Amino acid sequence: MTLAGNNGGKQGHYYLLSEKTPSGKFEMPQLIFLPHEEICPEGAVIQAETGATICDAALQNGIPIEHACEKSCACTTCHVIIREGFESLADADEAEEDLLDKAWGLEPESRLSCQAKVANEDLVIEIPKYTINMVSENH
Ligand code: FES
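Residues numbered from 1 in each chain as written. Predicted model: local features only at pLDDT ≥ 70, side-chain atom pairs only at ≥ 80, totals over all residues.

Some points on the overall build of the protein
Move 1: Regarding its fold elements, the protein presents 3 helices and 5 strands.
Move 2: Counting helices and strands in the order they occur from the N terminus, the protein gives β-β-α-β-α-β-β-α.
Move 3: Out of the 139 residues in the protein, the part that is buried amounts to 27%.
Move 4: Sequence-distant contacts in the protein: of pairs separated by 6 or more residues, those separated by 24 or more amount to 61%. (Helix = DSSP H or I, 4+ residues; strand = E, 2+ residues; numbered from the N terminus. Buried ≥ 20, exposed ≤ 12 C-beta atoms within 10 Å, placed from the backbone. Contact = placed C-beta atoms within 7 Å.)

Structure representation (structure tokens):
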């Protein structure tokens, strides 16, 4: 686990990014993206504000996750699988659940990244190898 540099002015004490600081505030959670051949070959670790969608946080940090319907919950190209921290996210609504059923490589921890909002826990995120668009174009 990476440690935050914010030590509150005290030498030698660091807080985990997702822990509360003495002021009672959460640090910005970390989003850890696992490597994806085309979108982020090396993987990436970014920080996101609580309440931001995973898709927006990724795009703002140079991770070009697909979002064919412009984040309006009408495609599945922004599908991600939450490998750690899934339970911290608010439940998917019905529209998201219905769409997810059509996503390539659906798993129990699948979410549409344009709908899932970062809570106050770190997340480990896998971008599936294919989106439904790629499957229909290339296969
Ligand atoms: S970008 Fe289309 S559902 Fe997320």
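A look at the nonpolar core
Move 1: One finds L31, I54, A58 and I125 to be the most contacted residues of the largest nonpolar core, which totals 20 residues.
Move 2: Broken down by secondary-structure element, the contributors of at least two residues to this core are strand 1 (30–33), helix 1 (54–60), strand 3 (79–84) and strand 5 (123–126).
Move 3: Sequence-distant contacts of I54, defined by excluding residues within four places in its chain, comprise L31, V80, S113, A116, V118 and I125. (Core = buried A, V, L, I, M, F, W, Y, C linked by C-beta atoms within 7 Å.)

A few points about the confidence of the model for the protein
Move 1: Within the protein, residue pLDDT values average 85, and 76% of them lie at 70 or more.
Move 2: Predicted confidence is poor over residues 1–16, with pLDDT under 50, and the contacts of this stretch with residues over four places away or in other chains come to 18 contacts. (pLDDT = per-residue confidence, 0-100.)

Section: the pairing of strand 5
Move 1: With burial as the criterion, only one face of strand 5 is covered, namely that bearing L123 and I125; the residues V124 and E126 on the opposite face remain uncovered.
Move 2: Pairing of strand 1 with strand 5, which is carried by 3 bridges, proceeds in the parallel orientation. Residue pairing for strand 5: F33 is matched across the bridge by I125.
Move 3: Bridge count for strand 3 against strand 5 is 3 bridges, and the pairing is antiparallel. Looking at the pairing, I81 lines up with E126 of strand 5. (Pairing = 2+ DSSP bridges.)

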